[in-house]
Amino acid sequence: MTVRKRRATDRRVRKTDARLHDALMSLIHDKKYESIAVRDILDRADVGRSTFYAHFRDKDDLLTTGICEALQSIRSTAAASDPFAWFSLAIFEHIHRHRLEGKAAPVEGRRAIHSRLQRTIEELITEDIVRRFTRRRVGPMTAELAVKHVASSFILVLNWWLEAAAARNPREADALFRALVIPVFADLAVTQQTPGR
């Protein structure tokens, strides 16, 4: 998957996309992700097949695009000041709101969402990480491994928070995630600036 640039679209297209995304998310609450057919999404969104395929390849593309657009919206305001964990608190807060409203995805649906979320995070943070660490390898860590570490650690904490630590608020979950990943980048930054390397 390659992260798409946010599409500059007219209001009707945005409205249709939103209906399709909402339909998919509501279906994820009703049945296993694997058993959801594009026809189910079209029926629930009241959108025609040709309209769907004009914008999306399949339901995976629809799900990934929705995740990507949400993350890019967060990124536009947060990434400059927080290059490695800009997405974390916003996602925890979003999920917390859905839980309070009784709209949290069931476990089966979560797996599909989280696997695509992890890949999208990897793609969105790669450029920042590589740019900040101009050499691909700094000490024992490569930029590619650092990217994997951030994205997989986030999903690890997210799943733990959803399954075992529901009483913790989003800020506590965000702090735990940051405790796992920020020291890695602090060490890398120090290593990179060491003279003679």
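The notes below deal with the structure included here. The structure presented is a predicted model; accordingly, all values stated were derived computationally and were not measured. (Residues numbered from 1 in each chain as written. Predicted model: local features only at pLDDT ≥ 70, side-chain atom pairs only at ≥ 80, totals over all residues. Heavy atoms only, no water.)

Digging into the overall build of the protein
Of the regular secondary structure elements, the protein holds eight helices and two strands. Reading the protein from its N terminus to its C terminus gives the helix and strand order α-α-α-α-α-α-β-β-α-α. Sorting the 197 residues of the protein into buried and exposed places 42% on the buried side. Accessible area of the protein: about 10,900 Å², with a carbon and sulfur share of 54%. (Helix = DSSP H or I, 4+ residues; strand = E, 2+ residues; numbered from the N terminus. Buried < 20%, exposed > 50% of the residue type's maximum accessible area, 1.4 Å probe, protein only. Areas by Shrake-Rupley, 256 points an atom, 1.4 Å probe, with all protein chains shown as cover.)

Description of the pattern of salt bridges
Per the stated rule, a full pass over the model turns up eight salt bridges. Across the salt bridge formed by Asp 60 and Arg 116, the nearest N and O atoms sit 3.0 Å from each other. Of this pair, Asp 60 sits in helix α4 (residues 59-78) while Arg 116 sits in helix α6 (residues 107-132), placing them 56 residues apart in sequence. In this structure, Lys 148 and Glu 122 form a salt bridge, with 3.1 Å as the shortest nitrogen-oxygen distance. (Salt bridge = Lys/Arg side-chain N within 4 Å of Asp/Glu carboxyl O.)

So, unusual backbone geometry
The phi angle at Asp 46 is positive, at roughly 55°, despite the residue not being glycine. Position of Asp 46 relative to the elements: it lies in the loop between α2 (38-45) and α3 (49-55). Residue classification places Asp 46 among the exposed positions, given a relative accessible area of 64%.

Some details on the nonpolar core
Counting 53 residues, the largest nonpolar core has Leu 71, Phe 87 and Phe 154 as the members making the most contacts within it. Top element by residues in this core is helix α7 (residues 143-163). It accounts for 11 residues. With residues near it in sequence (within four places) discarded, Leu 71 still touches Trp 86, Phe 87, Ile 91, Leu 117, Thr 120, Ile 121 and Leu 124. (Core = buried A, V, L, I, M, F, W, Y, C linked by side-chain atoms within 4.5 Å. Contact = heavy atoms within 4.5 Å.)

Quick word on the packing of α6 against α7
Interaxial distance between α6 and α7 falls to 8 Å at its minimum, and their mutual angle equals 145°. In this structure, α6 crosses over α7, and the sense of that crossing is right-handed. Split by residue class, the contact of α6 with α7 holds 14 nonpolar, five polar and four charged. (Axes fitted to C-alpha atoms, helices over the stretch in contact; angles between N-to-C directions. Left-handed = near helix turned anticlockwise from the far one by under 90°. Nonpolar A, V, L, I, M, F, W, Y, C, P; charged D, E, K, R; others polar.)

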